[in-house]
Amino acid sequence: RSVSYPYSVPNLWLFLNHLAWNAKIRFETREVSPPMFSYIQSPYLILDDSIADSLKLASISGVDVKIMIPGKGDHPFVYWASCSYAGELLKFGAKVYTYGIKNKADYMAIDIKFDNNGYASFSVIKGGNILGEISLSVAGEHNVSNALSAIAMADLYSISYDKMRTFLPKVA
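Counting from 1, residues in each chain are numbered in the order their sequence is written. In keeping with the predicted nature of the model, local features appear solely for residues at pLDDT of at least 70, side-chain atom pairs appear and are counted solely at 80 or more, and the whole-chain, interface and lining totals rest on all residues. Just so you know, side-chain values use all the structure's heavy atoms and leave hydrogens and water out.

So, about the packing of aromatic side chains. Ring geometry is summarised as follows: Phe, Tyr and Trp rings, the Trp one being its six-membered ring, pair when their centres sit within 6.5 Å, and such pairs are stacked at plane angles under 30 degrees, edge-to-face over 60 and tilted between the two. Here the structure, examined in full by the defined rule, presents four aromatic pairs. With a centroid separation of 4.6 Å and an interplanar angle of 35°, the aromatic rings of Phe 37 and Tyr 39 are classed as tilted. Burial classification: accessible surface area is computed with a 1.4 Å probe over protein chains only, and a residue below 20% of its type maximum counts as buried, one above 50% as exposed, and the rest as partly exposed. A residue is classified by how much of its surface remains accessible, and Tyr 39, at 10% relative accessible area, is buried. Here Phe 37 and Tyr 157 contribute two aromatic rings whose centre-to-centre distance is 5.7 Å and whose plane-to-plane angle is 75°, an arrangement assigned as edge-to-face. Taken together, the residues Phe 37 in strand 1 (residues 37-41) and Tyr 157 in the loop between helix 4 (141-156) and helix 5 (161-171) connect sequence positions 120 residues apart. Ring pairs connect the aromatic residues Phe 37, Tyr 39 and Tyr 157, which therefore count as one cluster. Helix numbers and strand numbers start at the N terminus; a helix is a DSSP run of H or I with at least 4 residues, a strand a run of E with at least 2.

A separate point is the layout of surface pockets. Using a grid of 1 Å spacing that covers the protein atoms alone, one calls a set of points a cavity when a 1.4 Å probe fits there but cannot get out, and a pocket when the set is open and has protein on both sides within 12 Å along at least five of seven lines; lining residues are those with an atom within 4 Å of a point. Grid points are joined across faces, edges and corners, and a volume is the space filled by probe spheres set on the points. Roughly 440 Å³ of volume is contained in the second largest pocket. Around the second largest pocket sit 18 residues that line it, and Pro 70, Lys 72, Gly 73, Asp 74 and Ser 145 are the ones nearest its centre. Contributions of two or more residues to the lining of the second largest pocket are made by strand 3 (95-100) and helix 4. At five residues, helix 4 tops the list of elements feeding residues into the lining of the second largest pocket. Of the residues contributing to the lining of the second largest pocket, the split by class is five nonpolar, nine polar and four charged. Gly falls in the polar group here, along with every residue not listed as nonpolar (Ala, Val, Leu, Ile, Met, Phe, Trp, Tyr, Cys, Pro) or charged (Asp, Glu, Lys, Arg).

This is the structure:
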C-alpha cells in the first residue's frame, strides 16, 4: 500500500511521524500488514532529528525507504551533508540511489546535446545499461538534471521507461 503526501516540510514531518508511529505499533504488536514505502527525492537531503528518526524507525520496521540524491551536489557543503544523512539512513536499512550528469551515479545522463533552441537530448544509463534517449522541450543543463531525477524516481516506482520517454517531453 502506498501513501502520498504534500511536499511541504511541515506536512512531510507529520507524514513521516504518522508513518513511523504506525510502523512502531505494527512492530510492537507483531501485526502483519502489507508493506509500505516511502520514496524521497531531494537535491538537498538535510534532515532534522525528528524526520531522520522517523525514517530510521520506518526502515527498521519494514517500510521500504528509498532516497534519491544527486551523485554530486551543486555546493560541496550541502553535498557532504546530504551524504552524511544518507549514510546514516543506510545503516538502518534505507536504500540510497544517486543521479548525475557529470559524475558516476546509479542513474546518469550522457551524450547531452542541445539543439538551436537550447533544448536538450540525452541518453539515460541505469546501472551501466543504456535505457534509451530522451528529448526535452525546455532549455538548460539544469533541466537535464531535473528530468533525470524524475526518470530515476519513476523507475523506482516501476514505471516503464517507454512511458517515461513518451510522457516527459510533454511536461518538460
